[in-house]
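Structural overview
Spelled out, the chains give:
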Amino acid sequence: QELATHIASESQGVPLFIHELVRHAGVSGEGELAHVHISLGQALGRRIARLPTPAVSLLEVLAVAGRPIAQETAYRAASVPTEDLATLHALRAAGLAKSRGGGPFDLVETYHDRIREVVVAGLPRARLVHVHAGLLAQLEANDDRDFESLVAHGLGAERPDRALTYAERAAD
């Protein structure tokens, strides 16, 4: 009962998270649930750690982007070949990402904001800066006009000069 109450609270009723927490709790040799106090962050962290490196990189980009972005932009920012459709498929099959179509300009994002929060919270500072820099470079290469995102990624990439340029353009 204690575990069920904890899982209901931690998952906030999201079926994907309930499933993930139950799977993470596991069962001991005596048929008892092994862990009573588990967090969604721990459960998702273990699952993400088992993903192939390109899938982890793509998930990090989606999480740091914080909004739906074009699949091609996400792939390039993650340094994953754009023809590698299996990487995004792996994230969708794992319930970690969702997309609106399979084309390069169709949008992709994390499946749920809590996934995004867990991934971003688990990134070391240097990796977070690197991911922001990759997103900034790709948005600039695409001549993106979403100045709010460009400012955010400029600041995240520790490039206040670039962030200021985009903030000034937004003000104009």
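Shown above is the structure to which this text applies.
Keep in mind the model is a prediction, meaning the values are calculated, not measured. (Residues numbered from 1 in each chain as written. Predicted model: local features only at pLDDT ≥ 70, side-chain atom pairs only at ≥ 80, totals over all residues. Heavy atoms only, no water.)

So, about the side chain of His132. Here His132 shows up in helix 8 (residues 125-141). Among the polar contacts made by the side chain of His132, one reaches the side chain of His153 at a distance of 2.9 Å. Sequence-distant contacts of His132, defined by excluding residues within four places in its chain, comprise Val64, Ala152, His153, Gly156 and Ala157. (Helix = DSSP H or I, 4+ residues; strand = E, 2+ residues; numbered from the N terminus. Polar contact = N/O pair within 3.5 Å; in protein donor to acceptor, adjacent residues only side chain to side chain. Contact = heavy atoms within 4.5 Å.)

Two side chains bearing opposite charge may form a pair once their charged atoms approach each other closely. This structure, assessed with the given rule, holds 10 salt bridges. The partner of Asp146 in a salt bridge is Arg67, with the nearest N and O atoms 3.2 Å apart. With Asp146 in the loop between helix 8 and helix 9 (147-156) and Arg67 in the loop between helix 4 (53-65) and strand 1 (69-70), this residue pair connects regions lying 79 residues apart in the sequence. Relative accessible area serves as the criterion here: at 26%, Asp146 is assigned to the partly exposed category. The exposure class of Arg67 is partly exposed, given its relative accessible area of 26%. Salt-bridge contacts for Arg162 lead to Glu140; the nearest nitrogen and oxygen are separated by 2.4 Å. Highlighted residues: Arg162 in helix 10 (residues 160-171) and Glu140 in helix 8, separated in sequence by 22 residues. Of the residues examined, Arg162 reaches a relative accessible area of 23% and is grouped as partly exposed. Given the relative accessible area of 23%, Glu140 is considered partly exposed. Salt bridges sharing common partners tie together Asp113, Arg116 and Glu117. (Salt bridge = Lys/Arg side-chain N within 4 Å of Asp/Glu carboxyl O. Buried < 20%, exposed > 50% of the residue type's maximum accessible area, 1.4 Å probe, protein only.)

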